[in-house]
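Coordinate analysis (summary)
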Amino acid sequence: MKRLILTRHAKSSWDDPLTPDHDRPLNERGKAAAADLGQWLASRDYIPGEVLCSDALRTRKTFSGIAPALPGTPVLELKPALYHAGPDVMMAVLRHAKAEVVMMIGHNPGIAEFAARLIAHPPANPEFARYPTGATLVADFDVEDWSDVVLGQGVAVDFVIPREIVA
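Residues numbered from 1 in each chain as written. Predicted model: local features only at pLDDT ≥ 70, side-chain atom pairs only at ≥ 80, totals over all residues. Heavy atoms only, no water.

1. Here's the deal with the packing of aromatic side chains
Operational definition: Side-chain rings of Phe, Tyr and Trp (the six-membered ring for Trp) are treated as a pair once their centres are within 6.5 Å; stacked means planes under 30 degrees apart, edge-to-face means over 60, and tilted covers the remaining angles. A run of DSSP states H or I qualifies as a helix once it reaches four residues; a run of E qualifies as a strand once it reaches two. Both are numbered from the N-terminal end. For the exposure calls, accessible area comes from a 1.4 Å probe over protein chains only, and a residue counts as buried if that area is under 20% of its type's maximum, exposed if over 50%, partly exposed in between.
The final tally for this structure, using the stated rule, is five aromatic pairs. For the pair Phe-128 and Phe-159, a centre-to-centre distance of 5.3 Å together with 80° between the ring planes defines the contact as edge-to-face. Of this pair, Phe-128 sits in the loop between helix H4 (110-118) and strand E5 (136-141) while Phe-159 sits in strand E6 (residues 155-160), and the two are 31 residues apart along the sequence. Of the residues examined, Phe-128 reaches a relative accessible area of 7% and is grouped as buried.

2. A few points about the packing of helix H1 (residues 28-43) against helix H2 (residues 57-66)
Heads up, the rule is: The axes used here are C-alpha line fits, helices contributing only the stretch in contact, and every angle between their N-to-C directions lies in the interval 0 to 180 degrees. Note on terminology: angles under 35 degrees are roughly parallel, angles over 145 are roughly antiparallel, angles of 65 to 115 are roughly perpendicular, and the others are oblique. Working rule for handedness: look at the near helix, and if it is turned counterclockwise from the far one by less than a right angle, call the crossing left-handed; if clockwise, right-handed. The contact definition used throughout considers only heavy atoms, calling two residues in contact when any of these lie within 4.5 Å. Each residue gets one label: Ala, Val, Leu, Ile, Met, Phe, Trp, Tyr, Cys and Pro are nonpolar, Asp, Glu, Lys and Arg are charged, and the others, such as Gly, are polar.
Orientation of H1 relative to H2, taken along the N-to-C sense of each, is 50°, at an axis distance of 7 Å. Comparing their axes, H2 and H1 come out oblique. Relative to H2, H1 is oriented so that their crossing is right-handed. Taking contact as the criterion, the partners of Ala-34, Ala-35, Leu-37, Gly-38 and Leu-41 in H1 are, on H2, Thr-62, Gly-65 and Ile-66. When grouped by side-chain class, the residues that make up the contact of H1 with H2 number five nonpolar, three polar and no charged.

3. Notes on the side chain of Ser-54
Rules: Whenever a nitrogen or oxygen atom comes within 3.5 Å of another N or O atom, the pair is scored as a polar contact, on the condition that within protein one atom can donate a hydrogen and the other can accept it, and that pairs from neighbouring residues in sequence are kept only if both atoms are in side chains.
If you trace the backbone, Ser-54 turns up in the loop between strand E2 (50-53) and H2. Here the side chain of Ser-54 touches His-107 through a polar contact of 2.8 Å, side chain to side chain. What Ser-54 contacts, discounting residues up to four positions off in sequence, is Thr-59, Arg-60, Leu-78, Lys-79, Leu-82, Tyr-83, Ile-105 and His-107.

4. Quick notes on the side chain of Thr-59
Note that Thr-59 resides in helix H2. There is a polar contact of 2.8 Å between the side chain of Thr-59 and the backbone oxygen of Ser-54. In contact with Thr-59, not counting residues within four places along its chain, are His-9, Cys-53, Ser-54, Ile-105, Gly-106 and His-107.

5. Side note on the pattern of salt bridges
Close approach of charged atoms allows side chains with opposite charge to pair. The condition that has to hold: What makes a salt bridge here is a side-chain nitrogen of Lys or Arg within 4 Å of a carboxyl oxygen of Asp or Glu, nothing more.
This structure, assessed with the given rule, holds eleven salt bridges. The residue Arg-117 makes a salt bridge to Glu-113 at a minimum N-O spacing of 3.3 Å. Placement of both Arg-117 and Glu-113 in helix H4 is noted, with a separation of four residues, approximately one turn of the helix. Take Glu-113: its relative accessible area is 41%, and that puts it in the partly exposed class. Connected through salt bridges with shared partners, the residues Asp-21, Arg-24 and Arg-58 form a single ionic network.

6. Topic: the pairing of strand E1 (residues 2-8)
Rules: For two strands to pair, DSSP has to find at least two bridges joining them.
The buried fraction of E1 amounts to six of the seven residues, a majority that puts the element mostly inside the structure. The sheet contact formed by E1 and E5 spans six bridges and is antiparallel. Across the sheet, Ile-5 pairs through a bridge with Val-138, a residue of E5. Across six bridges, E1 lies against strand E4 (residues 101-106) in parallel orientation. Counted as the bridge partner of Arg-8 is Gly-106 from E4.

7. Let's talk about helix H3 (residues 87-94)
Our working rule: Here the arc refers to the directions that run from the helix axis out to each C-beta atom.
Within H3, burial applies to Pro-87, Met-90, Met-91, Val-93 and Leu-94. For H3, the buried positions fall inside an angular range of 160° around the axis, keeping them on one side. Contacts made by the buried residues of H3 are with E1, E2, E4 and H4.

8. Topic: H2
All of the buried residues in H2 are Arg-58, Thr-59, Thr-62, Phe-63 and Ile-66. Viewed end-on, H2 has its buried residues packed into an arc of 140°, placing them on one side of the element. Lining the buried residues of H2 we find H1, E2, strand E3 (75-78) and E4.

As structure tokens, then:
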């Protein structure tokens, strides 16, 4: 059994319109949401052993906000290919994962489409199709190796958006 935690980056800042897209940081709401996501993941024992993360600043900062709540230190792999990747690229990156529980942090629109195509049945949450910032899907796959994952075989275990977990 393999488990994927698929997270869209938290809310980014648009304060400086001259900042290149790749270098946009998180805004204050995004920083808080990342910390909340970390607490939510830890409280449910959704603990990644490996994190596959776009190399954009906002995805890296999302993980930096999540990480303090996680026990241990998952292996962080920055993957430039995940920057604005579509589902095919995301699947190619996932198929090389090694840990039993893998977190992938990426961007829309690709991550929303990837999530929808990965699982057999979408979660009941009406926000799933939109996959807003910070949206996180937890899905299980009945496979021995990540290279065996195929679209449509995942089972949605959980799905949340940050505003649903803000204390």
